[in-house]
Every structure is written in structure tokens, then in C-alpha cells.
Amino acid sequence: MHRFLRVAFLALVALSAVQGAAYAQASIGGAVKDTSGAVLPGVTVEASSPALIEKTRSVVTDGSGQYKIEQLRPGPYTVTFTLTGFNTIKRDGIELTGSFAATVSVEMRVGAVAETITVTGEAPLVDVQSGTRQRVLGQEVLTELPTGRTQFTAATLIPGMNLSNQDVGGTNIINTTGGSMTIHGSNGNDQRVMIDGVSTANAEGAGQASNFLPNFGSVQEIAVDYSSGTADQMTGGVRINMIPREGGNAFKGSFFATGVNDRFQGSNYTQDLIDRGLRTPNSIKTEYDVNPGFGGPLRRDQLWFYATARLTKTANYVGGMFYNKNAGIENVWSYDPDLTRPAFVNASQSSLNLRLTWQASLKNKFGFFFDDQDRCQCANVTATTSPEAAIEIKYPIQRLATMVWTSPVSNRLLLEARGGFRGERYKYNATPVGDPSLRLITVTEQLAVNGAPAGLQYHGGGIGGVTATQPFQNTYGRNFDLSAAASYVTGTHAFKAGISDTIIIRDEQLGDNDFHVSYRFNNGVPNQITERTTPYEKAQRQPAGIGLYAQDKWTLGQLTLNLGARFDYLHMKVPAQHLSPAPLVPNRNLDLPETDLVRWKDVTPRLAAVYDLFGNGKTAVKASISRYVIAQGLQGAYGDSLAPVNRLANFVARTWTDNNQNFTPDCDLTNVLAQGPALAGALRTVDNCGLMQNQNFGLPTPSTTVDPAVLNGFGVRPDNWEFSTGIQHQVLPRVSADFGYFRRWFGNFAITDNRAIKPSNYSPYSITAPVDARLPGGGGYVVSGLFDQDFTGAVDNYFTAAANYGEQLQHWNGVDMTVNARLGRALLQGGVSTGRTLTDNCDLATKSGNPSQRFCRVETALLTQVKFLGVYAVPKVDVQVSGAFQSIPGPQIAANLVVGNAQAAPSLGRNLTNGTATVNLIEPGTQYGERLNQLDLRFSKIFRINKARLSANLDLYNAFNVDTVLSENATFTTTTTPATWRVPTAVVTARFFKFSAQFDF
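As the structure is a computational prediction, the values presented were derived from the model and not from experiment. (Residues numbered from 1 in each chain as written. Predicted model: local features only at pLDDT ≥ 70, side-chain atom pairs only at ≥ 80, totals over all residues. Heavy atoms only, no water.)

**Section: the packing of aromatic side chains**
Phase 1 of the analysis: In this structure the tally under the stated criterion is 28 aromatic pairs.
Phase 2 of the analysis: Between F264 and F995, the aromatic rings sit 6.5 Å apart at their centres with planes inclined by 85°, giving edge-to-face as the arrangement. Separated by 731 residues along the polypeptide, F264 in the loop between β17 (252–261) and α5 (271–275) and F995 in strand β58 (residues 992–1000) bring together distant segments of the chain.
Phase 3 of the analysis: Residue F264 is classed as partly exposed on the basis of its relative accessible area of 24%.
Phase 4 of the analysis: For the pair Y317 and F344, a centre-to-centre distance of 6.1 Å together with 80° between the ring planes defines the contact as edge-to-face. (Phe/Tyr/Trp six-rings, centres within 6.5 Å; stacked < 30°, edge-to-face > 60°. Helix = DSSP H or I, 4+ residues; strand = E, 2+ residues; numbered from the N terminus. Buried < 20%, exposed > 50% of the residue type's maximum accessible area, 1.4 Å probe, protein only.)

**A word on the sheet that holds strand β5 (residues 75–82)**
Strand pairing in a sheet relies on backbone hydrogen bonds, with the paired strands running either antiparallel or parallel.
Phase 1 of the analysis: If you trace the five strands from one edge of the open sheet to the other, you get β3-β2-β5-β6-β9, paired in mixed fashion. With one partner strand each, in any of the chains shown, β3 (56–60) and β9 (116–120) form the two edges of the open sheet. On average, each strand axis in the sheet is inclined to that of its neighbour by 20°, with strand direction left out of account.
Phase 2 of the analysis: Relative to strand β6 (residues 88–96), β5 is paired through six bridges, and the arrangement is antiparallel. The residue bridging F81 from the neighbouring strand is I89, located in β6. (Pairing = 2+ DSSP bridges. Axes fitted to C-alpha atoms, helices over the stretch in contact; angles between N-to-C directions.)

**What to know about the pairing of strand β15 (residues 219–227)**
Phase 1 of the analysis: Among the nine residues that make up β15, eight are buried, leaving the element largely enclosed by the rest of the structure.
Phase 2 of the analysis: Pairing of strand β10 (residues 133–137) with β15, which is carried by five bridges, proceeds in the antiparallel orientation. By the bridge assignment for β15, V136 is matched with A223.
Phase 3 of the analysis: Both β15 and strand β16 (residues 239–244) contribute to a ladder of six bridges, which runs antiparallel. Considered in β16, the bridge of V224 is made with I240.

**Some words on helix α8 (residues 901–908)**
Phase 1 of the analysis: Turning to α8, its buried residues number three or more, namely A904, A905 and L908. End-on view of α8: buried residues confined to an arc of 105°, all on one side of the axis. Residues of α8 that are exposed and angled more than 90 degrees away from the buried face: A902 and P906.
Phase 2 of the analysis: On its buried face, α8 sits against β43 (762–768), β44 (782–789) and β51 (896–900).
Phase 3 of the analysis: Just downstream of α8, G909 is the residue with a positive phi angle, here 85°. (Arc of directions from axis to C-beta. Contact = heavy atoms within 4.5 Å.)

**As for the nonpolar core**
Phase 1 of the analysis: Grouped together as the largest cluster of nonpolar side chains are 33 residues, with contacts concentrated most on Y519 and F697.
Phase 2 of the analysis: Of all the elements in the fold, those that place two or more residues in this core are β19 (303–324), β20 (337–361), β28 (517–522) and β36 (651–657).
Phase 3 of the analysis: Apart from the residues within four sequence positions on either side, Y519 is in contact with W333, I441, T442, V443, T444, Q528, I529, W656, F663, T664 and P665.
Phase 4 of the analysis: Listed in part, the 30 residues of the second largest apolar core include L137, M161, I195 and F369. (Core = buried A, V, L, I, M, F, W, Y, C linked by side-chain atoms within 4.5 Å.)

**Notes on the sheet that holds strand β42 (residues 750–754)**
Phase 1 of the analysis: Pairing is mixed in the open sheet, where three strands are placed in the order β38-β45-β42. Two strands lie at the open edges of the sheet, namely β38 (704–706) and β42, each paired on one side alone. In this sheet, adjacent strand axes meet at a mean angle of 25° when their direction is disregarded.
Phase 2 of the analysis: Looking at chain direction, β38 and strand β45 (residues 797–801) are connected through three bridges and run parallel. Paired with T705 across the strands is Y798, a residue of β45.

**Brief notes about the state of the cysteines**
Phase 1 of the analysis: Counted under the stated rule, the structure contains three disulfides.
Phase 2 of the analysis: Two residues share a disulfide in this structure: C376 and C378, whose sulfurs sit 2.0 Å from each other.
Phase 3 of the analysis: On the basis of relative accessible area, C378 is assigned to the partly exposed category, the value being 28%.
Phase 4 of the analysis: Covalent S-S linkage joins C842 and C856, the inter-sulfur distance amounting to 1.9 Å. Residues C842 and C856 are joined through a disulfide that is right-handed, its torsion about the S-S bond being 85°. Remark: C856 occurs in the loop between α7 (842–847) and β48 (857–859) and C842 occurs in helix α7; sequence separation between them is 14 residues. Residues C842 and C856 agree in their burial class; the two are buried.
Phase 5 of the analysis: What connects to what in the protein, once the bonded cysteines are numbered by sequence position, is 1-2, 3-4, 5-6. (Disulfide = S-S within 2.5 Å.)

**A short note on the side chain of S27**
Phase 1 of the analysis: Its place among the elements puts S27 in strand β1 (residues 26–34).
Phase 2 of the analysis: Residue S27 is classed as buried on the basis of its relative accessible area of 2%.

**Considering empty space enclosed by the protein**
Phase 1 of the analysis: Summed over all chains, the structure comprises twelve cavities of 30 Å³ or more.
Phase 2 of the analysis: Considered as a void within the structure, the second largest cavity measures approximately 500 Å³ in volume.
Phase 3 of the analysis: Around the second largest cavity, the lining is made up of 35 residues, and of these R192, M234, D481, T502 and G545 lie nearest the centre.
Phase 4 of the analysis: At the level of secondary structure, the elements contributing two or more residues to the lining of the second largest cavity comprise β13 (192–195), β26 (472–489), β27 (493–511), β30 (536–556) and β31 (559–574).
Phase 5 of the analysis: Looking at the lining of the second largest cavity, its residues break down into 13 nonpolar, 15 polar and seven charged. (1 Å grid on protein atoms, 1.4 Å probe; cavity = no way out; pocket = protein on both sides within 12 Å on 5 of 7 lines; lining within 4 Å. Points joined across faces, edges and corners; volume = space filled by probe spheres on them. Nonpolar A, V, L, I, M, F, W, Y, C, P; charged D, E, K, R; others polar.)

**Some details on a nonpolar patch on the surface**
Phase 1 of the analysis: A surface patch of nonpolar side chains, about 600 Å² in accessible area, is lined by Y611, L613, F614, V621, I727, F739 and M817.
Phase 2 of the analysis: Among the structural elements, V621 can be located in strand β35 (residues 619–629).
Phase 3 of the analysis: Residue V621 is classed as partly exposed on the basis of its relative accessible area, which comes to 32%. (Patch = residues over 30% accessible without salt bridge, like charges linked within 9 Å, V, L, I, M, F, W, Y side chains within 5 Å. Areas by Shrake-Rupley, 256 points an atom, 1.4 Å probe, with all protein chains shown as cover. Salt bridge = Lys/Arg side-chain N within 4 Å of Asp/Glu carboxyl O.)

**What about the confidence of the model for the protein?**
Phase 1 of the analysis: Looking at the protein as a whole, the pLDDT averages 90, with 96% of positions reaching at least 70.
Phase 2 of the analysis: Considering only residues more than four positions removed or in separate chains, one finds that residues 4–22, a stretch of pLDDT under 50, has 68 contacts.
Phase 3 of the analysis: The model gives residues 464–468 a pLDDT under 50, and that stretch makes 18 contacts with residues more than four places away or in other chains. (pLDDT = per-residue confidence, 0-100.)

**Here we look at unusual backbone geometry**
Phase 1 of the analysis: Residue P535 is reached from T534 by a cis peptide bond, and omega for that bond is 0°.
Phase 2 of the analysis: The topology assignment puts P535 in the loop between β29 (525–532) and β30.
Phase 3 of the analysis: A positive phi angle, close to 70°, is found at R734, a residue other than glycine.
Phase 4 of the analysis: The residue R734 is located in the loop between β40 (719–732) and β41 (735–747) in this model.
Phase 5 of the analysis: The backbone of R982 shows a phi angle near 65°, a positive value even though the residue is not glycine.
Phase 6 of the analysis: Within the secondary structure layout, R982 lies in the loop between β56 (971–972) and β57 (984–987).

Next up, the structure:
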């Protein structure tokens, strides 16, 4: 199938490798009439701008007097209308951003051919042609607002936007680049980040991940699409496109620098935080960002360049976390915090890039871009990770190379192609064999210990712990993407068709400590071992991720229809693989065949209608409905997790009682059966090592069988539908307001059912919640509907469509109300977004044989965001004041009680199968922490030296100096003194100020 589609690709355009999906640029359109109202066909309409290396782009009005000029770069434009026998009309003051479709209609009157009438009109604010919801963050936001200078820290100022890694003033920007953004209930995997329409994604995750820090000195503006995406986009999440600077006919440059350390920061360590058990707050250690750029002509009107560099470092103290006095001591198994050495997270990243823009001929333009980066997340300490257990991730390869080609074959036909290569190699804890640190085993503590929260990892390095993920890893990913498109534009139609292909290669080596295990403790007492079959290697491939699309923007008077459809074909597979013996699986010697993971085919509609309510381009009524496929990657639920090697039992937990208290499991870890002093024969051991939770450990028997129907065919890929409607209105000159309703719902869920577990294997029990004023009703209530699985060891997982068992629901509903005002010296953007999420798995749980119905239906409260940004230039004194305000909901509150046999056995009638169970005492979605109200300010003094501009800035972050808790310990304990439930694990960074300078010349 994909071979046929690639032939179609070559038939569309013969071009060398190009990357990414084609993307929408700005456009200008409208109608031309004479003074009597009659339409004027044959008018030459020319758009000129210094943003275009070719200087101008022109079209001719069609028989209905309409015209469209597509694929225009952001910048100021002048539009000229020329027709023999009529006055020439020149319209100034048109500013294009993102994919905004500016409506410029004129009336021409009979007059001398040489006479030109120049009109400086009101810049269009309302897009009456496109259904896409987009916010464009221009230079005023990128350079004049106090932000962390990444695409995420800028885009998070949009009402309704959620960022997984909160940043204050650039103190977390390197870690933020690996985060994700969602809006209106979207899936985080569907996020896409692009540079000039070219994806920055690496081979990790589902295409949303990057680890690529944008070089802000080379970014002209950021366009953020968040609803009603066009057919050239596969997914329906947040789409961020960074438009790069291209240079120009004049040499120009910029230089930005800032830095801060702990001396510039105050304290928000309040008595409330002390009373809640936080020993130290989050705070700054050091942070700096240096970003020079320079560009200009290599040959005037033919070859431009722009080059930038960026060097960034962030190091911050982690609230409540300290170095362990026992770190590196093999036989000491406790966390003893050194209160004189607070722990900190440390990261740095550098970038050096070059962009070339070449007008090779009148009809052929090329853009080349290369960015080489170096990154080190040198100490990933968290509130639950002691420094000796923190990951160190180094990226010796971090590169992006792209090429873009555009060709306006005629004033109606435009061809384009774009693409490149994205390479990334990273290493988790690159420790040489024989290093003493490999003898240190990672411990995860279930309860709070010595002031650290529950879930603390310590003693051994890596990210092993009870989650059974790999503590040592070496990965190399390569992304190759192809895309091409053809646009045919008339006055009433803008038709576009294109094709894209994404090829991904990923290889990884998985290592471990010398013992290939991790431990779990309960209040310092060992109770569980996680065993691993490491070392081994894995490989994943995506031979084809092909998309074919067609879309048309069809204008019928005041109505514009956006009609699009897309076909997606995804093929993922894993190569053949050999597994050799390993320490805990000495008999393993297995050949696994090459295996297809998925071969999906989908057709998705993209439909939108926009009505120019009064015909004056100032009020647009919009509605859209679209289906999107959910992004899938080589590591996702349908990717690597279904590979033959991962269907095996590679990570297995078993209970452990350390009878001789030597912190060494004195039993045969290669034996899957229960062992202990009371047993006879070969199973008689010093310690009690329980039955492995998966008896397939070390065997060639797969633990998971996959239903082929969910991996192949049309319309089975996980998807979501999005509906939106609303009105955008120009309230006053240069002031517009927007109201929108949004609904998103998901489908094609999957389920993994362990067929070895029957309903009879679940035994009910109940407990009594502890008495605590912070619990619902003060606690003391009976928690029923709990079940313990009384059968372990046999695993026969079946991965299939959830619909084969029952109905599963997930949807989001909400509204946005925003305003965009540019009044003289002032800019104001922002508004309110509110919505709620419903998930319902009750029918699915019942029909799949799981008797537990507790919290199977969850509907969150209405979660409301208020966000505003503003810039004001004080007249006469060249002083500028800017700020950004965010008011966002606090974290959801949970109370996870670790239940022991003493609490469960009276009603269960036996001990818990795994010795402990975790029970949430609070219904999800009903309680939330304190809202974050964050205000950041910038005060700038502008100095002008001829054509150069120097901005000396004083930034004030968290101006209110709030002490809002961003995350907290959710483990409810009754045995710890003092109680540690709801002890903050992260608070917003205290108020600090820093100096920065922006020099543009």
C-alpha cells in the first residue's frame, strides 16, 4: 500500500527529501467592484512586502471580481489594484500574521491611467474566511513580554492552554521543551511543534516530543492553532509553528542576554508552608540565557542569510529535597538528608543555527535551515528523587536540517515541498561496566521517610524503582519526512492538495545495575522486588506515515466554506531480534521474527463554515466539525509495547520478606515460584520471596496476545471528533472580541484484559477511612466497593478494542471568551476559558469482568482559566511596561491510603495478595488545591542610536510573591509523625527580579 502511495508522491512532485507537513501561511483576498457595485474581472492585484525576497506576488480577479493571494509570509504589505481605464488603488497598512486571511476589498473608479489613489485603511482584525482558531504571538510578545523565551512559555499565555511543566521566568525552560500542551480536552500526544512548517519531533513518544530548544533569536513570530485544523494536519491537538527570520536586503541583528542567581530572589516560605511540612521551598540557584543573531544579504534580492546562537543554563533547588548522607554506601539502606546540602536540578543547552533563503529564479525559491544543539539534563532531581538516584541524560547528537522549495508557476498555480532530517542520540546514566555505582540498587519507599514524601527513590542510580522502567539506556532516533503540495487559486476558490510521508528509525540499548533488580520498602522494611531481563537491545521502525489530503476554501458571497478531507496510512513494525541469556534469565536464547505492529487506514473530514455577518469583514460567525486520528509513535500503546520482545515478561514484581535483614533477597531470583523457610526442597530459602506476578518471566511465552482487528484496517485507529462554533466581532477600531463553544469526544479505545483472571478471583472488602478534618465529612466513613485479586502468577493478557467489552466515554465541553486590542501605544490580549471533562468506564468494567465500579465515572468541576498579557509604551520618555497574568486551577487532590493486612483482613477474610493495597479516599475531580495567580512584569527603558534600538529591562516575576502549591504528596499515612499527606512537593518560584538587555540593529 505505502509503495503505491509513494509512487503517487513522486508523480506529484519529483524532489529530494523534504520534511514535515505542509502548513498554512497568511493570505489576502477580497472583491473588486466599480462605483456602481458591478464586479470587475481582470484586475491585476499585486501584494508587495519587504518580507518577500521576490518583492511582490500578483493575481488577477476572476469573473466574479474576487481574488486570493495565498502563501504569504508574515509582515507589512501594500496591495495595489490596477485595471486599464481605472484609477490605480494602493492599500497600505496591512499586517499579516500566522495564517490570517485578510479581507481587502476595494471600489475602483474610472480615471486617468497614471493616477494612483493611496488608501491607508484600518488593518483587518477579523478573519472572515478561515475556520481555524489561531493566536499569533508576534515580536511584542516574544521580545517585550517577561517570559521564558520558548514556544511553550509564550503559548501558555493563551486562555485554556495547559502546560505540563510550569515555568516562571525561564527557570525551567530546558525541562519544559520535553513537555506537552493541551487545550479544550485535547490529547497531549497530538501536540505538534514546527519551524517554518517543519516538524521538530524526535523519534520518541508519538511525535509530540522534541527536547529541541528553539533559538528565539531566529524566530519572527509563533502561530498557535488550537481548533478546527485544516486537512494538511493529521492530529487535532495544539499546533505550534515558529516562523523564522530570513534575513533581508539590509544587514540586521539582535543580541539578548539575561541572568539571575539566588541573590536576586526573595522568599515565599510562609508559615502556612512550614505548617504543611515543606522543609525548604523551590528556589533559584543560577540561570542565564545568551542569544545573539545576525543576518542580511549575501546577494541582494537573491540570497539572504540569518544565523543565531543560544546558550542557556538553569539550576534550581528542589523544594524539600536534600543530598543523602548515605549516598554511594552500598550496605546502608536508608535516606538520611544532609540539611546543609539542598539538592538542585541542573540542565544546560546550546544551539547554533543558520538559515539561507535563495531566490534561484523568478519561479523557484529555496530555504535551507540547520540547527546543531547540545543538551545535558545533568541532574534530574525531583521532590521524590534523591540526587544519587536522579537521571543524568546527555544528548551527544541533537540536530535538525530542513529544506523548503516554493514555486509560483503562475498567478494561479503554486507548488511547494518541504522537509529534512531530525537526528537525536541520548543516554540515560552512561555508566561504564565495572563502575562501583552499578552495585547500588534503586529503592522506592512507599511511605514518607525522614521528611521526604512518599514514593521517594534513593540509594541506586537511574529511573528503575517500582515502575520497572529502565535505569540505563542508550537511544538513537532518526526522523525523515516528506511532503509536497500544489495549490490552485482563483478568486472564489483556493484549492490545495498534498501528500506527506514520515519515516522513523529508532534503536536502543537497555542496561541495568549489576543485580538487575529494584526494591520497594514500606517504612524502611523491604516488601517487594522488581526483576528485569536486562540487558538487551530493541529496535522500532516506521516505514510509512503517509497522509494524502485535499481542501478548498470556497467563497460564496458572504459565506466561505472550508471543505477538506484527509487519508492517513500508518505502518509501524519491529525488525527481527535475538535475545541472549542474561543474569536473571540464564536459559533465554530466543529469536523473534520481524513483526508488523499496525497498518492503519483512515479517512477524516475537516469541515468549517464562516459567514461574514454584515458583509463588511468585521463580524464572522464560525462553525466547524472535524475528525482527527490520535497520534501514535514507536513507543506508544500500539507501538513498542506490542513488539514481540515487550509482549514477554521482562519486568516482574514479587513480594519479599527479608527475614535475616541483610537487604539481600536470599532466594533464587530465577525461579518464578514462591520460596521461603517453611517450604521443602529446592524452594526452601532464608527469605520469603513470593510467587512472581507473571510466571512467564524468562520464558518465550508471550504474556500478551493481540487482536489483529485493532491493528489493521479502516477506521479502527483511536480518534477524536471536535466541534466548535462561535462569533468573532470587531467591537471598535483595532479591538476585537471572540466567543466560542468547543466540544471534543474520543473513540476507538483499546483494552488489555487478563483472561487468566476471572470475576471469582476478586474478593470484596472494606475499610474505615481515618478521621481527618481535611477528608470529606471529616473522615471516619466506611470505604466499600474495594476488591483484592486473590490469584497471581498466571498472565494471559488480551489486547483488543474496548467496544468488544462495553462502552467507554471521554469528552470535554467548554467555552472561551477572549479580547484582542491594540490601542495606540497599548496592546492587550487575553480572556477566560472554562470547561469540564467526563470519563465513564462503568459499562466497560462490568462487561470485562472487573467487579470494581468505584470511581468508574468521573466528571471534573468546571476548571476556569483567566489569562491576560499587555504592553504599554509610556509616551515621550521611551519607557515600556509589559506584563502577563495567569490565574489557573490548582492541582487535583487525592488521598491515597496505603492499606495493610490489619485494615483489610477483617472484612476480606484473608491477607491482601500483595501485602498492601492503595485506596484513594477522595472521589477524583471533586477537590482541587489553591489557584495559581501569577503576575509577571517587565519595565524597559528604550535607547535609540540611529537605527539601532537597545532595550534595558528589569523583570519582576511572581510579583504578588504567592506561595501557591503546584504539587503535593497524595499518599495518606497514619503511621508517620508528623502526618505527610498534602505536604507540598513543589511551590511556585518566589518573587525574583532579573536584568536583561535586547539590542536590535
